[in-house]
2 protein chains.
Amino acid sequence: MTKLLNDRFLRALHRQPVDRTPVWIMRQAGRYMPEYKSLRSRVGDFLTLCKTPEFACEATLLPLQRFDLDAAILFSDILMIPEAMGMGLSFVAEEGPKFSSVITAASDINKLPCLDPEDDLSYISAAIRLIVKNLNNSVPLIGFAGSPWTVATYMVEGQTSKQFYKIKGLMYQEPRLLHQLLAHMTIETTKALQAQINAGVNAVMMFDTWGGILNDALYKEFSLRYMAEIVANLKSDNPTIPIILFSKNSGRCLTEQAATGCDALGLDWTVNLAKARELVGDKVALQGNLDPCVLYASKQRIAVETKAVLEQYGSGPGHIFNLGHGIPLDVDPDNVQVILDVVKGVTWR
Amino acid sequence: MTKLLNDRFLRALHRQPVDRTPVWIMRQAGRYMPEYKSLRSRVGDFLTLCKTPEFACEATLLPLQRFDLDAAILFSDILMIPEAMGMGLSFVAEEGPKFSSVITAASDINKLPCLDPEDDLSYISAAIRLIVKNLNNSVPLIGFAGSPWTVATYMVEGQTSKQFYKIKGLMYQEPRLLHQLLAHMTIETTKALQAQINAGVNAVMMFDTWGGILNDALYKEFSLRYMAEIVANLKSDNPTIPIILFSKNSGRCLTEQAATGCDALGLDWTVNLAKARELVGDKVALQGNLDPCVLYASKQRIAVETKAVLEQYGSGPGHIFNLGHGIPLDVDPDNVQVILDVVKGVTWR
């Protein structure tokens, strides 16, 4: 692999010294950017944007044209795997994702196809190759997938949920059936991430947005276990690829997350970075965790809160600055610049 | 006060020995009961049910006619205080509560009236008197209110929220304004709970459904602090009234919750009861915390999970069995009976 001009992000993932804390922003290509809104109105719907390599590449690069970020992240969606399985995904304005078919019985799971990512998700590989070419070794590119549990919540609920009655009902009623679904998604997610690695991403992140709705024992059984399998699968074939796990609202299980063999943990804003660091020691790097809503505050307050996150982590390597969740769609992009300015003013050697 | 025939719940709140763990079910009068659905279709809308003492009384008593529960809880809603303030509350099917006016500026807060609960919420006092009379000293009656923070989220967002961008934006942009709103709601909530005590409730519970969306420091500043004020206010005038605090997703701050002077903490299903007990020691009783979705499982599994909760608490006084959140609207009422059977089969002396 050719050396990157800016490898701060990768060095921090490996807990190596860096000249300053690297920074990127979850959902950095998003509706808070006028450039993104204009791309969206040109393209039309969100799925077309994800499925057209040229558009996905353009969206991926937009935030890097405006901001001096230390990583790019593939523009895509965690639901592209079930979409490719033919579950009929659509995005309804203001309502989020909807599947036209949902998983309710064993027969639905048995019918789920085994994907060939190079074919069924070929637009992702093509987008990655295009992005890598355009990045021209400037910064690393992050690939990603949803965790099997999180993606399964959408496949079973059919949409975003508040109480997750359907998937939790299934979990308590027919745990073996749910395990069958999760095992299938684990294989498919491994293949999809391997294809992203083959196409050229420099790191991968797994988003487990809904692991935190489970108690610790069930989180380990139904979510963490499958993420750990994916980590092990990927590491055995790609020992040097850095892997980040992000389980929202799961600050109770950081030690167990760190034991999966991943390289870094993403943390939401409810986790105390100093305490998290104490817990995980030098096992993993930590990524996060400014409350995205801080971006609604005055520039002065944003600077104070950004500094507070840096200070909570403290000195020494292994921190990647980020928000604790995706950036809201209606914040002022100039406020993002405040974060970058503050992070860049602080030198951790 | 006349002695209650069944005072298990109150004894457990005071951490006194009981013949067995007392049990009640959050949202025990709810749509999972055919009797409740028939009452609702007779009454029409939810607000009429809450605001008509005879109906509220009937709803409160329904679950006690079917199940041998150790406490009744007033049938009402945490949004009745802002409703009485004239914010235009309505309940839209499938969508939850909506306010026709919302808090966006200082002028909105300055306009909020000071209520006289005996007048503006007189239907609640009337319902309580009627319920107490009908209960005829059989079991205690629980009164309740939302926490200032949780009720404020609805007043600012105008409805149920997923990301709470508006109230969190306000919190970071104009913290003093939000504090002004919370201080006002603290006074009004204290008065409303005092009126419930005057009318005859035997215990009060504060529901802080959304405290857990804040990091620890902000939870203490914007949610817990105001609940602590209400506890102090109520305790100074009613030293023997037991008070339960329930902050969902706030298992990180149990020690601080226990230090408010309340008598018990409600726990959601993500908290480990044994660890919680270790943390709070003999300071408070603990209420909870079966995952409501367990009620979707087989009767055998429900029994196993119910036993597991009892065992996680262990022996000794101070446990009130409950769900970790409200009961889902579509579970089989016979499954609730399984919980009660198991709790009653186990004797903790």
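Residues numbered from 1 in each chain as written. Chains lettered and ligands numbered in written order. Predicted model: local features only at pLDDT ≥ 70, side-chain atom pairs only at ≥ 80, totals over all residues. Heavy atoms only, no water.

Asks: Could you clarify how one ought to interpret the relation of the copies chain B and chain A in this entry?
Replies: Put simply, the two copies of the chain differ by a rotation about an axis and a shift along that axis. With an RMSD of 0.0 Å, the fit of chain B onto chain A corresponds to turning through 180° and sliding 0.0 Å along the axis. Taken together, the rotation and translation describe the operation of a two-fold axis. Most of the interface of chain B is mirrored in chain A, where 100% of its interface residues again form contacts. (Least-squares fit on C-alpha atoms with pLDDT ≥ 70 in both. Contact = heavy atoms within 4.5 Å.)

Asks: Would you take a moment to explain the sheet that holds strand β1 (residues 72-73) of chain B for this structure?
Replies: Paired through their backbone hydrogen bonds, the strands of a sheet run either parallel or antiparallel. Residues and elements named next belong to chain B. Strand order in the open sheet made by the seven strands is β1-β4-β5-β6-β7-β8-β9, with parallel pairing throughout. One side of each edge strand has no neighbouring strand; the edge strands of this open sheet are β1 and β9 (319-323). Summarising the sheet, β1 and strand β4 (residues 141-146) pair through two bridges and their orientation is parallel. Within β4, the position partnered with A72 by the bridge is L141. (Pairing = 2+ DSSP bridges. Helix = DSSP H or I, 4+ residues; strand = E, 2+ residues; numbered from the N terminus.)

Asks: I keep staring at the side chain of B:D77 and nothing clicks. Help me out?
Replies: Residue and element names in this part refer to chain B. Tracing the sequence through the fold places D77 in the loop between β1 and α5 (80-84). For the buried D77, no salt bridge is present, and the opposite-charge side chain at shortest range is R27, 7.7 Å distant. A distance of 2.8 Å separates a polar side-chain atom of D77 from the backbone nitrogen of L79. With near-sequence residues (within four places) excluded, D77 lies in contact with F46, C50, F91 and F144. (Buried < 20%, exposed > 50% of the residue type's maximum accessible area, 1.4 Å probe, protein only. Lys, Arg positive; Asp, Glu negative; His and termini not counted. Salt bridge = Lys/Arg side-chain N within 4 Å of Asp/Glu carboxyl O. Polar contact = N/O pair within 3.5 Å; in protein donor to acceptor, adjacent residues only side chain to side chain.)

Asks: Help me out: how do you make sense of the interface of chain B and chain A in this one?
Replies: Every contact between the two is made by 30 residues of chain B and, on the other side, 30 residues of chain A. It is B:Y165, B:Y172 and B:Y296 in chain B that bury the most area against chain A; as a group they hold 27% of the surface buried on that side. The tally of links from chain B across to chain A stands at two salt bridges. A salt bridge links B:K168 to A:D291, with the nearest nitrogen and oxygen atoms 3.1 Å apart. Our count for the contact surface shared by chain B and chain A stands at ten residue pairs in polar contact (both at pLDDT 80 or more). Elements represented by at least two residues in the side of chain B that touches chain A include exactly α10 (165-173) and α15 (299-313) of chain B. (Buried area = accessible area lost by both parts, 1.4 Å probe.)

Asks: So what exactly am I meant to see when it comes to the state of the cysteines here?
Replies: Counting across every chain of the model gives zero disulfides over all chains. For A:C253, which is in no disulfide, the shortest distance to another cysteine sulfur is to A:C262 and amounts to 13 Å. The exposure class assigned to A:C253 is buried, which follows from its relative accessible area of 1%. For B:C293, which is in no disulfide, the shortest distance to another cysteine sulfur is to A:C253 and amounts to 18 Å. Overall, B:C293 belongs to the buried group, its relative accessible area being 2%. (Disulfide = S-S within 2.5 Å.)

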